[in-house]
Amino acid sequence: MESPTDPPRFPLDIDIGAGEAVYRQIYRRIRAAILDGQLLPGARLPSWNALAAELSVARGTVKAAYDWLAGEGYVVALGPAGTRVNPALPEASRDPAPDAGHAALAGDGPADEAAGFPAAWGSAARPFQMGVPALDVFPRKLWSRLAARQATRLAPAGMVYQDPAGLPELRAAIAGYLAIARGISCTANDVLVTSGFAGAINMITGTLLAAGDRAWIEDPGYGRAREALRLAGATIVPVPVDGEGIDVAAGVRRAADARLAYVTPSHQSPLGMPLSLPRRLALLDWAGRQKSWIVEDDYYSEFRFANRPMSALKSLDGEGRVIYVGTFSKVLLPSLRLGYIVAPAAEADRFRHFAAYLMPSPSQLVQAIVANFIAQGHFGRHIRRMRAIYAARRAALVAALQEAFGDKIAIDLQDGGMHLVVHLPRGMVDVEIARRAAAAGLGPVPLSPWSLEARCGPGLLLSFANILPEDAPQAARRLQRIIRAD
Ligand SMILES: Cc1ncc(COP(=O)(O)O)c(C=O)c1O
């Protein structure tokens, strides 16, 4: 009999001559063995040396695959005790006990303050303003060249009604990008181009929800999602988040029969931690058993600084329960108003039907420019460049805040995104501080309105995207003067 301490015996089936990098093949095979139950929680993996010798590859190749698996929570490195499958991974069919007494709550909190909307539409980004990418480094020249080319080439075929699901070239480019960057296997057919996040959530609720259906939202969580679900007639069920993201067991206790769960797995909005692998699997397990839907909002996935971004939850979606939502607002510009969803293949026709009647995709001209931008390789380069710029701006702002505030504030430094979460001393009123900061031309967002039942304030969300490293000390001091006056 095999004990959990034996190294696994399953064929790794690596093809050295294949186009796919060997470390990636090792990662994928071991990941599949864990997900299929061939490798049980606690099982020991072969040492780097042993596996490298067995496969005739370099030790570093195996290490890279193990690091990746460890980064995503599939395995844990225990030093001399070797590498083991994460013992915290859930059993496939564990049934959490229902919490009979807890009724679902209708949420109607201060969603606007947790939406991160700017103080005035169309205003230039103020220091700390959330949700706006670094405007000073947007590749304007390249963009105008591509835009001019599309405009001059406009033929009669581009002047008439177009596919409501979106420009085929853009949908294919998105599917290709998601396969490489987010581990999602989908076709252009499953992709629908939307008018940003609002278009995506509108299309999802219009296609899949009935009035009164219960919907889990993260608490604290994104106000725009909360309010959009409420406007669509859903009954909001706040589900607490902790250091591993949404507490799935708590969600099941509160409303096991919810039709939908809205989550931000790559970077919890607003706190920033990724959803742990055990929670991912538990969420998928719940949705699969309940035949419910998971909306995966992957708004920030491109920007990770220390570690490789974790693959999307959608990449684990064997049963077609996840609707993936992406946006071009963070990687390009919010004013493009371009986002997209990846529908489960079995539902794509329903989504296309909804799009044709109620939500055709936005301007073809803009879609064509973006499709071209991706096809010519600019998109990947732009993301890499922005990642380096954000890493520098983030480090500069952290240093400046530490200099200005000392230990009076606590910076919760998560790996990724475009903003910092700063916790203020108890008793401070973050909403009031943010209001005064706005009057002084700054754009921090208060943290406390992001929660319904959970307590997560007082604190501030501070974007570093538009603060140049040399301006960070001054911005931090301006904020410090406002907070000191509290
Ligand atoms: C949590 C979250 N999801 C999605 C989005 C993207 O929204 P949109 O595509 O409308 O710009 C944002 C933007 O700030 C966000 O914070």
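Here is what the cut-offs are and how they apply
- Residues numbered from 1 in each chain as written.
- Predicted model: local features only at pLDDT ≥ 70, side-chain atom pairs only at ≥ 80, totals over all residues.
- Helix = DSSP H or I, 4+ residues; strand = E, 2+ residues; numbered from the N terminus.
- Rg over C-alpha atoms; globule rule 2.2 N^0.38 Å.
- Buried ≥ 20, exposed ≤ 12 C-beta atoms within 10 Å, placed from the backbone.
- Contact = placed C-beta atoms within 7 Å.
- Domains from an automatic or database assignment.
- Nonpolar A, V, L, I, M, F, W, Y, C, P; charged D, E, K, R; others polar.
- Pairing = 2+ DSSP bridges.
- Axes fitted to C-alpha atoms, helices over the stretch in contact; angles between N-to-C directions.
- Core = buried A, V, L, I, M, F, W, Y, C linked by C-beta atoms within 7 Å.
- Near = placed C-beta within 6 Å.
- Parallel < 35°, antiparallel > 145°, perpendicular 65-115°, else oblique.
- Left-handed = near helix turned anticlockwise from the far one by under 90°.
- Expected span 1.5 Å × (residues − 1).

1. Some words on the overall build of the protein chain
Inference 1: On a plain count of helices and strands, the protein chain comes out with 14 helices and 14 strands.
Inference 2: Expected size for 486 residues packed as a compact globule is a radius of gyration near 23 Å; at 23 Å, the protein chain falls within 12% of this value.
Inference 3: Structurally, the protein chain occupies a C-alpha span of about 70 × 65 × 50 Å along its principal axes.
Inference 4: When each of the 486 residues of the protein chain is scored for burial, the buried share is 46%.
Inference 5: Of the contacts made within the protein chain by residues no fewer than 6 positions apart, 72% connect residues no fewer than 24 positions apart.

2. Some words on the environment of Arg-304
Inference 1: As for its position among the elements, Arg-304 is in the loop between strand S8 (293-297) and strand S9 (322-327).
Inference 2: The class for Arg-304 is buried, based on 21 C-beta atoms found within 10 Å.
Inference 3: Each C-alpha atom of the pair Arg-304 and Tyr-390 lies 9.4 Å from the other, and the pair is 86 residues apart in sequence.

3. Quick word on the domain arrangement of the protein chain
Inference 1: For the protein chain, the assigned domains are domain 1 (22-85), domain 2 (126-133 + 384-484) and domain 3 (162-376).
Inference 2: In this structure, domain 2 and domain 3 have C-alpha centres spaced 27 Å apart.
Inference 3: The partner domain 3 presents 20 residues to the 22 residues of domain 2 that form the contact.
Inference 4: Sorting elements by how many residues they give to the side of domain 2 that touches domain 3 places helix H12 (residues 378-405) first, with 4 residues.
Inference 5: Residues that form the side of domain 2 that touches domain 3 fall into these classes: 12 nonpolar, 5 polar and 5 charged.

4. Remarks on the sheet that holds S9
Inference 1: Strand order in the open sheet formed by 8 strands is S3-S10-S9-S8-S7-S4-S5-S6, and the pairing between neighbours is mixed. Looking along the sheet, the strands with just one partner apiece sit at the ends: strand S3 (191-194) and strand S6 (245-246).
Inference 2: Here 4 bridges tie S9 to strand S10 (residues 339-342), and the two strands are oriented antiparallel to one another. The residue bridging Val-325 from the neighbouring strand is Ile-341, located in S10.
Inference 3: Strands in contact with helix H6 (residues 196-208) are S3, strand S7 (260-263), S8, S9 and S10; relative to S10, the strand with the most contacts, it is inclined by about 35 degrees.
Inference 4: Contacting strand S4 (214-219), strand S5 (235-242), S7 and S8, helix H7 (residues 223-231) runs over the sheet at an angle of about 165 degrees to S4.

5. Some thoughts on the pairing of S9
Inference 1: Of all 6 residues in S9, 6 are buried; the element is thus mostly enclosed.
Inference 2: Of the two faces of S9, the one carrying Val-322, Tyr-324 and Gly-326 and the one carrying Ile-323, Val-325 and Thr-327 are both buried.
Inference 3: In this structure, S8 lies alongside S9, joined through 4 bridges in parallel fashion. Paired with Glu-296 across the bridge in S9 is Tyr-324.

6. Focus: the nonpolar core
Inference 1: Leu-192, Ala-215, Tyr-262 and Ile-341 are the most contacted members of the largest nonpolar core, which totals 134 residues.
Inference 2: Among the elements that make up this core, the one with the highest residue count is H12 (8 residues).
Inference 3: If sequence neighbours within four positions are ignored, Tyr-262 has contacts with Ala-215, Trp-216, Ile-217, Ala-225, Leu-229, Val-295 and Asp-297.

7. Observations regarding the environment of Gly-199
Inference 1: The topology assignment puts Gly-199 in helix H6.
Inference 2: When the 24 C-beta atoms within 10 Å are taken as the criterion, Gly-199 is described as buried.
Inference 3: The sequence separation of Gly-199 and Gln-38 amounts to 161 residues, and the corresponding C-alpha distance is 41 Å.
Inference 4: Residues within four places of Gly-199 in sequence aside, it is in contact with Thr-194, Gly-339 and Met-359.

8. Structural notes on the site of the ligand
Inference 1: Around the ligand sit 14 residues in total, of which Gly-196, Phe-197, Tyr-299, Thr-327 and Ser-329 are the nearest.
Inference 2: When residues of the shell around the ligand are assigned to their parent elements, the largest contribution, 3 residues, is made by H6.
Inference 3: Looking at the shell around the ligand, its residues break down into 5 nonpolar, 8 polar and 1 charged.

9. Re the sheet that holds strand S12 (residues 419-423)
Pairing between the strands of a sheet is mediated by backbone hydrogen bonds and can be parallel or antiparallel.
Inference 1: On the basis of which strands lie adjacent, the open sheet formed by 4 strands has the order S11-S12-S14-S13 and antiparallel pairing. Edge positions in the sheet fall to strand S11 (410-412) and strand S13 (445-446), since each of these pairs with one other strand and no more.
Inference 2: Pairing of S12 with strand S14 (residues 459-463), which is carried by 5 bridges, proceeds in the antiparallel orientation. Bridged to Leu-420 within S14 is Leu-462.

10. Thoughts on the packing of helix H13 (residues 430-439) against helix H14 (residues 472-484)
Inference 1: Two elements in contact, H13 and H14, have axes separated by 10 Å at closest approach and are oriented at 130 degrees. Considering their axes alone, H13 and H14 lie oblique with respect to each other. Remark: the crossing between H13 and H14 carries right-handed chirality. Along its contact with H13, which presents Ile-433, Arg-436 and Ala-437, the element H14 presents Leu-479, Ile-482 and Ile-483.
Inference 2: Considering only residue class, the contact of H13 with H14 consists of 5 nonpolar, no polar and 1 charged.

11. Observations concerning the environment of Ala-437
Inference 1: In this structure, Ala-437 sits in helix H13.
Inference 2: Taking C-alpha positions, Ala-437 is 12 Å from Arg-484, a pair spaced 47 residues apart along the chain.

12. Here's the deal with H12
Inference 1: Its 28 residues give H12 an end-to-end C-alpha distance of 40 Å, which sits within 8% of 40 Å, the value for a rise of 1.5 Å per residue.
Inference 2: Every buried residue of H12 is accounted for by Phe-379, Met-386, Tyr-390, Arg-393, Arg-394, Ala-396, Leu-397, Ala-400, Leu-401 and Ala-404.
Inference 3: At its buried positions, H12 is contacted by helix H5 (168-182), helix H11 (364-375), S11, S12 and H14.
Inference 4: Following H12 by one or two positions, Gly-406 adopts a phi angle in the positive range, close to 60 degrees.

13. Here's the deal with unusual backbone geometry
Inference 1: For the peptide bond that leads from Asp-219 to Pro-220, omega is 0 degrees, which places it in the cis range.
Inference 2: Here the amide bond leading from Ser-269 into Pro-270 is cis, since omega sits at 15 degrees, within 30 degrees of zero.
Inference 3: Mapped onto the elements of the fold, Pro-270 is located in the loop between S7 and helix H9 (277-290).
Inference 4: Despite not being glycine, Ser-56 shows a phi value in the positive range, around 55 degrees.

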